[in-house]
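What follows is the residue order along each chain.
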Amino acid sequence: MAEVTRLFDFPYYQLANKPNNSALVTKYNGEWTPMSTQEYIDKANAVSRALLKLGVQKHDKIAVISSTNRTEWNIMDIGVLQVGAQNIPIYPTISSEDYQYVINHSGAIYCFVSDEEVLEKVNKVRHNTGIKEVYSFDHIEGCKHYSELFELGKDESNQAEVEARKDAVKPSDLATIIYTSGTTGKPKGVMLSHDNITSNALDSSKRVPLPTSGETRVLSFLPICHIFERVLIYVYQYAGTSIYFAEALDKIGDNAKEVKPNLMSVVPRLLEKVFDKIMLKGEELTGIKKALFFWAVSLGERWEPYGKNGAWYEFKLKIANKLIFSKWREALGGELGTMVSGSAALQPRLARVFGAAGMKVMEGYGLTETSPVVSVGMYRDNHYKIGTVGKAIDNVEIKIAEDGEILIKGPNVMMGYYKDPEKTTEVMTNDYFHTGDKGEVDEDGFLKITGRKKEMFKTSGGKYIIPTLLENDLKQSLFIEQIMVIGEGEKMPAALIQPNFEFVRDWIELKEYNIGSSEVEITASEIVIKRIQKEVDKYNKNFGKWEQIKRFELTPKAWSIDGGELTPTMKMKRAVIKEIYKDLYDKIYRQ
């Protein structure tokens, strides 16, 4: 097979070029269970035959909701796409009401769920939707199991019809609608064609440092319903890589030790949590061991790529690697050379420390509307610079508008928002998509994100504040989990801060303070408030007087998706947070 032009071509390409006995690997009942490329295709074809028998037509919509990444999701993906239907992935963590909205807006007629919790949410609203039947991946009493499709599709007599349907799918056809978790209002359905996503996967694959020989293992855990991880899954299939699906977010450390991945995708928040835990372990050391640990970290914080710090630094780094950083790598399986980071800004300090430890973090930039990759770093060929999100991938053009907004043109730009031509027109100028992000491209072609266009605000004194710059800096503090800079139309910038409760509890224990461990006790403690003031003072020094945070209040609970403060991709819902903590806002500005 010469060319990949549609999403279901990826497994067939793998079968023809790099067949793998462990193409997809999921853990069932404590055992990693591999599936070969051939079995993957056979099962996807059985699903396609079954869908035809169920009367699924071209352009019908099938909803898939899974709380973890798993083999079944991928089988369904290919099985649905082959018959010219569309896969509608839904974030598992959104509310039942949002399930109902997405199912009805997309017009999904069948729904596949991973587990009992998701099924319960679907069942709450199913009677208000056009869903004909729900199937589950787990065995759940009272719900049809998805293996019934294999049974229904066992008879191969209609395989010729499947082949005819496949042949009729054009690269320009709609492949999926991804509902973005907007920070305001109802989610928008981003329409992505086969060509949008395949071109993006193929152009991105040149930047992914996968070994050319031997088995390559990746660990997948970022939600596959988001286009970032989904595109990477296609990239991995194209490369013939073994994809291991992590059991859950809190099992990543254990799974990494078992799988020994060569590569994995991450979000900055995960790296921050890993780093926090490492630092706490360092605090518990004593004597020479503690001194060596913090010497290595301090060395790591000054790391520059390509040996730019000179031979003496590299010599010291070798010692730090042998004594300290080798243990960090062991904790993540020992063979992790690269991590690809997306979805939010990465603190440069983390890029340096993990880079020094031999686990280089390649930052990328993109949006659901750009399928998603626009740019990404790559260590090879000097395509890596700390503090940037790399250079544009092939066939994608980045243009900076007069007001600093990043505009994107390329085969990866979406078909539009489903059933919303007005909103589509708002974000397009000819072939250019308006990202809403501000940035700059340096003389070497590296893109740097400087903030969100809409999030910039003016104080009553007429000074402009870019909250994301302050927030990204302050989130480097181990004491701060989330921070939202406020002050639009007010006399000064201030902040609502959610402490890193896990870290603060450990800090309290270490210092033997008599504070209490509940979130309310922590945020009311003068000791904690003073300590966080110290952090705010430290990072304020990086900014002009008018930008500095003059006051802050600590929020007495963790911000979460369920609580409404965060979107499923962990972005802050600013208006919601301001409303939830109106009393704290008023305490800052009205008292």
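Below is a short write-up of the structure. (Residues numbered from 1 in each chain as written. Predicted model: local features only at pLDDT ≥ 70, side-chain atom pairs only at ≥ 80, totals over all residues. Heavy atoms only, no water.)

## Focus on empty space enclosed by the protein
This is how it is decided: Throughout, the protein atoms alone are placed on a 1 Å grid, and a set of points is a cavity if a 1.4 Å probe fits but cannot get out or a pocket if it is open with protein on both sides within 12 Å along at least five of seven lines; lining residues have an atom within 4 Å of a point. Grid points are joined across faces, edges and corners, and a volume is the space filled by probe spheres set on the points. Runs of E in the DSSP output that reach at least two residues are strands. Runs of H or I that reach at least four are helices, and both are numbered from the N terminus. Gly falls in the polar group here, along with every residue not listed as nonpolar (Ala, Val, Leu, Ile, Met, Phe, Trp, Tyr, Cys, Pro) or charged (Asp, Glu, Lys, Arg).
With the rule as written, the count across this model stands at five cavities of 30 Å³ or more. Approximately 80 Å³ is the volume found for the largest cavity. Together, Lys273, Asp276, Lys277, Leu280, Asn500, Glu502, Phe503 and Asp506 line the largest cavity. Sorting the residues of the lining of the largest cavity by element identifies helix H11 (268-284) and helix H17 (501-511) as the ones contributing at least two each. Examining the composition of the lining of the largest cavity, we find that four residues originate from one element, H11, more than from any other. Residues that form the lining of the largest cavity fall into these classes: two nonpolar, one polar and five charged.

## Concerning the sheet that holds strand S27 (residues 551-554)
The strands making up a sheet associate through backbone hydrogen bonding, with each pair oriented either parallel or antiparallel. The cut-off we apply is this: In this analysis, strands are considered paired if DSSP registers two or more bridges between them. Angles shown run from 0 to 180 degrees and are taken between the N-to-C directions of axes, each axis being a line fitted to C-alpha atoms and, for helices, limited to the stretch in contact. Whether two residues are in contact is decided by their heavy atoms, any of which lying within 4.5 Å being enough.
Spatially, three strands are ordered S25-S26-S27 in an open sheet, and the strand pairing comes out mixed. Lying at the two open borders of the sheet, with one neighbouring strand each, are strand S25 (480-486) and S27. Between one strand axis and the next, the sheet turns through 25° on average, direction left out of account. Across four bridges, the pairing between strand S26 (residues 494-499) and S27 is parallel. From the neighbouring strand, Leu496 faces S27, where its bridge partner is Glu553. This element, helix H21 (residues 582-589), spans S25, S26 and S27 of the sheet and lies at about 155° to S27.

## Thoughts on the pattern of salt bridges
Using the following cut-off: Only one rule defines a salt bridge in this text: a Lys or Arg side-chain nitrogen within 4 Å of an Asp or Glu carboxyl oxygen. Relative accessible area decides the class of each residue, using a 1.4 Å probe on protein chains only: under 20% of the type maximum gives buried, over 50% gives exposed, and in between gives partly exposed.
Following the criterion strictly, the structure yields 39 salt bridges and no others. The salt bridge partner of Lys206 is Asp203, with a shortest N-O separation of 3.6 Å. In this structure Lys206 comes out as partly exposed when scored by relative accessible area, which is 43%. Classification of Asp203 by relative accessible area gives buried; the value is 8%.

## Observations concerning the side chain of Thr424
Note the cut-off: As used in this structure description, the phrase polar contact means that two N or O atoms lie within 3.5 Å; if the pair is within protein, one of them must be able to donate a hydrogen and the other to accept it, and residues adjacent in sequence are counted only when both atoms belong to side chains.
Locating Thr424 in the fold gives a position in helix H15 (residues 421-427). The class of Thr424 is buried, set by a relative accessible area of 16%. From its side chain, Thr424 meets the backbone oxygen of Asp420 in a polar contact 3.0 Å long.

## Remarks on helix H5 (residues 116-125)
Let me state the cut-off plainly: Our arc is simply the arc of the directions from the helix axis toward the C-beta atoms.
Taken as a whole, H5 has its buried residues at Val118, Leu119, Lys121, Val122 and Val125. All buried residues of H5 fall inside an arc of 160° around its axis, so they share one side. Opposite its buried face, H5 presents the exposed residues Glu116, Glu117, Glu120 and Lys124, each directed more than 90 degrees away. Against strand S3 (61-65), helix H4 (96-106), strand S5 (108-113) and strand S6 (133-136) lie the buried residues of H5. The N-terminus of H5 is capped by Asp115, whose side-chain oxygen sits 3.1 Å from the backbone nitrogen of Glu117.

## Remarks on the pairing of strand S2 (residues 31-35)
Pairing analysis gives five bridges linking strand S1 (residues 24-28) to S2, with the strands arranged antiparallel. Paired with Tyr28 across the strands is Glu31, a residue of S2. Linking S1 to S2, which pair antiparallel, is a turn of two residues; within it Asn29 sits at a positive phi near 50°.

## Side note on a nonpolar patch on the surface
This is how the line gets drawn: Residues enter patches when they are more than 30% accessible in relative terms and free of salt bridges; like-charged ones are connected within 9 Å and nonpolar ones (Val, Leu, Ile, Met, Phe, Trp, Tyr) within 5 Å. Shrake-Rupley sampling with a 1.4 Å probe provides the accessible areas, and residues are treated as covered by the protein chains on show and by no other component.
Where nonpolar side chains cluster on the molecular surface, the patch consists of Trp295, Trp312, Phe315, Ile319 and Leu323 and spans about 500 Å² of accessible area. With four residues, the single largest contributor to the nonpolar patch is helix H13 (residues 311-331). Considering the arrangement of structural elements, one finds Phe315 in helix H13. A relative accessible area of 46% means that Phe315 is categorised as partly exposed.

## Details of the packing of helix H2 (residues 37-53) against helix H3 (residues 71-82)
What counts here: If an angle is under 35 degrees, it is roughly parallel; if it is over 145, roughly antiparallel; if it lies from 65 to 115, roughly perpendicular; otherwise it is oblique. Less than a right angle of anticlockwise turn of the near helix away from the far helix marks a crossing as left-handed, whereas a clockwise turn marks it as right-handed.
In contact at an axis separation of 8 Å, H2 and H3 are set at 50° when each is read in the N-to-C sense. By the angle between their axes, H2 is oblique relative to H3. For the pair H2 and H3, the sense of crossing is right-handed. Across the interface between the two elements, Tyr40, Lys43, Ala44, Asn45, Val47, Ser48 and Leu51 from H2 touch Asn74, Ile75, Met76, Ile78, Gly79, Val80 and Gln82 from H3. When its residues are assigned to classes, the contact of H2 with H3 shows eight nonpolar, five polar and one charged.

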